[in-house]
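Letter by letter, the chains look like this.
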Amino acid sequence: MTSRREVLRGAGGMITLVLANTACTFDKAESEEINAAAFSDHQLLTLTQILQHILPHAALDSAVYADAVAAIARQSINSGNKHKLLVEGVAALDASTIWLDAGASAQVAALKAAEKTPFFLSLQQVAIEQVYRDDRTWQLVGYEGEAIKFGGYLNRGFNDIDWLPSAPGQSESVE
Amino acid sequence: MTKSFDLTDGSVVVVIGSGAGGGTLSNELAQNGIDVVCLEAGPRLAVGDFRNDEAYMFKKFTWLDPREGSGDLSKKFPAFLCKTVGGTTTHWTALSLRMREHEMRARSTYGEIEGAALTDWPLGYEELSHYYAMAEDKMGVAGTHDMPRLPANNHFMLMNAGAMQLGYPNAPTANLAINSISRDGRAPCQQLGFCKSGCLMQAKWSTLYTEIPKAESTGHFELRPESMVVNIEQGADGRVTSVIYEDSNGDLVRQKARAVAIAGNAIETARLMLNSKTKQCPDGLGNQNGLVGRYYMRHVFGRIAALMPGKVNMHRGIIQAGSLEHEAHHDPKRGFASGYHIEVAAMTPETLARNLLAHEGWGSRLTDVIEQYAYFAGAIICGEDLPRSSNRVTLHTDRKDRYGQPIAHVHYEYDDNGNAMHEHAMRTTENIYQALDAKKTYRFPASSATHNLGTARMALQEADGVCDPHGQVFGVPNLYVSDGSVFPTAMTANPTLTIVALAMRQAVHLKQQMSGRVL
């Protein structure tokens, strides 16, 4: 999954995150900040894989996770603490062997062991924020998002529930 | 014809806050030819700035300046209020319920309860009912006056059907300040489901597009957004003379005033009074008995989610379409005083996921459940909590906000009565969903308080409260409190309708005081 995503560093310090369906380009000032906050490709790929374990929606485009990590990385630009937490968290996972190279069950087991760490707890919260504010996820889970574009649910299923029992005492009167 | 008043014009009434209390009071005064300057800490959004996006609008509306909580509150985000023109009426879910007569006589009805500073309201039920009727008419409350009830959505039909399986009677949709028909120049509800994100149809009453523009059209009203009041000044005769605020340019300016009304929502109102230390009131305005900030109430709250056997699509339509009041009465045999409502409350996938995490953990157990979002129902329980002296707003000893003022510290602990009520209410709600074969129900913790009450309570005598029954601060003849701070007890109902009714009553009083030259 992660192979669909690459981090390209072009001339002049421009960074382009190329994702499956999207590309976010940063301007020079931003890219300098990102350089200062420096995430390696390995760190970004590891974070993306962790998000896929935290919130594994099989039918979800993996770009959702990569976009989430790009957003999380950007948010950490102005917070040394957030950046440090992410970088050190990845380093801790890689302490004995490279976590990303392990099999899925070994990866999950390592995350399980780390689930009480500030790194994991924090990543879990921002992962939820990113993944469940993404309209691709909304589509998957059945949340229809912006309603003004079709004028609301008044004529579009706000009262279409059809499986409720009739009130007690009413069903008998039919027979 | 918006008016602008001079900073040195001491003939104006200064209203602090533009929400349910401040927005209403401002318009009621302006309609009667009284000049008003309304200072609102937040920016003025246009309806076009609203988006059907809860997370986006949360950031737009919310009062995110720091506060600190303790006891049973979140440390970082103890309460959820709005910092925007219209205040919490931009975000509220429009439930407009009256206080019950027995709740108004809380001390007489519930008796002595250890640790609870119960009292009866210092005004009569008939008088308040008169203003309730006026407030409902102003706001266009569906189910009252000429306003038909709104239709039930899936989410409320489900809750009502579950309750009926348990033997409760059929319940109508709630009294909601949402247009079911075109009224007051505003469109009827199209069931968008984004009540909390600013109503794009303007079907929901908010002072932002009702009271504020109406006040402006009188020529007696000036709204100053992004104006954060930091201090109220008092003269030697005990009357307040002016307010100091940081204006939209970041400059500190002084507006002179004939009278001042504070409507900043109970936490900010108490904070401003405590921060306004004067020669006569060295512990803060109106705080001669140390009562400002005490008796903070936020309702007994809890949330339930239920995974149902069929689709619900809870996000479709009005967020709080209905409120079950079957357990709202006072029946001490249940093991607690007063009662509660069970209100449908739709959640977004994000809110659901955040709360499910504690139940399902991360990984496929969590995502398997969230993928059934369309099958979920959600409810909140909202009951009367009891006033306690130790639940209070104080000034933080070290931390200051960006205006240089000490931030609010809010301490709140649940009591036995609240805990017993909470358990009964959660159990009842679970039973309702289980009666319809819920696959699983989940209890979620109360969210940060939106019903903030009681920090400047009304009383007949100065020894017992901060304000008199018209909201006039004892010892400060021209200072008024005009929001939920004045509630001596919390009642079961959501507070906005009562805040509006009291503001309308206060406006009549202020007008009388002014024409009688008392003010």
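What counts as what
- Residues numbered from 1 in each chain as written.
- Chains lettered and ligands numbered in written order.
- Predicted model: local features only at pLDDT ≥ 70, side-chain atom pairs only at ≥ 80, totals over all residues.
- Heavy atoms only, no water.
- Helix = DSSP H or I, 4+ residues; strand = E, 2+ residues; numbered from the N terminus.
- Buried < 20%, exposed > 50% of the residue type's maximum accessible area, 1.4 Å probe, protein only.
- Contact = heavy atoms within 4.5 Å.
- Areas by Shrake-Rupley, 256 points an atom, 1.4 Å probe, with all protein chains shown as cover.
- Phe/Tyr/Trp six-rings, centres within 6.5 Å; stacked < 30°, edge-to-face > 60°.
- Buried area = accessible area lost by both parts, 1.4 Å probe.
- Salt bridge = Lys/Arg side-chain N within 4 Å of Asp/Glu carboxyl O.
- Core = buried A, V, L, I, M, F, W, Y, C linked by side-chain atoms within 4.5 Å.

1. Looking at the overall build of chain A
When you go through chain A residue by residue, the secondary structure sums to seven helices and three strands. Listed N to C, the secondary structure of chain A is β-β-β-α-α-α-α-α-α-α in terms of helices and strands. Across the 175 residues in chain A, those meeting the buried criterion constitute 42%. In chain A, the proportion of contacts linking residues at least 24 apart, taken out of those at least 6 apart, comes to 60%. Surface summary for chain A: the accessible area is close to 9,000 Å², and the carbon and sulfur share equals 53%.

2. A short note on the packing of aromatic side chains
All names here are of chain B. Going through the model one piece at a time under the given rule, you end up with 15 aromatic pairs over all chains. Ring centres of Y296 and Y412 lie 5.9 Å apart, and the angle between their planes is 85°; this geometry places the pair in the edge-to-face category. Within this pair, whereas Y296 is found in the loop between helix 8 (266–275) and strand 9 (300–307), its partner Y412 is found in strand 14 (residues 406–412), the two being separated by 116 residues in sequence. Like Y296, the residue Y412 is buried in the burial classification.

3. A closer look at the interface of chain B and chain A
Each partner contributes to the interface: chain B provides 44 residues, whereas chain A provides 43 residues. For the chain B and chain A pair, buried surface summed over both sides reaches about 3,700 Å², with 64% attributable to carbon and sulfur atoms. Counting across the chain B and chain A interface gives four salt bridges. E350 of chain B is the salt-bridge partner of R133 of chain A, the closest N and O atoms lying 2.7 Å from each other. Counting only elements with at least two residues in the side of chain B that touches chain A, the list comes to helix 2 (54–61), helix 6 (154–165), helix 9 (349–360) and helix 10 (364–370) of chain B.

4. Remarks on the nonpolar core
In this structure, I50 of chain A together with I232, V260 and Y433 of chain B are the most contacted members of the largest nonpolar core, which totals 194 residues. With 10 residues, helix 12 (residues 496–515) of chain B is the largest single contributor of residues to this core. Residues within four places of Y433 of chain B in sequence aside, it is in contact with L158, M159, I304, A306, M308, A377, G378, A379, A438 and T441 of chain B.

5. Thoughts on the environment of A305 of chain B
Residue and element names in this part refer to chain B. With respect to the secondary-structure elements, A305 resides in strand 9. The spacing of A305 and A346 is 41 residues in sequence and 9.2 Å in space, taken between C-alpha atoms. Apart from the residues lying within four places of it in its own chain, the contact partners of A305 are M347, L352, F376, A377, G378, K440, T441, Y442 and F444.

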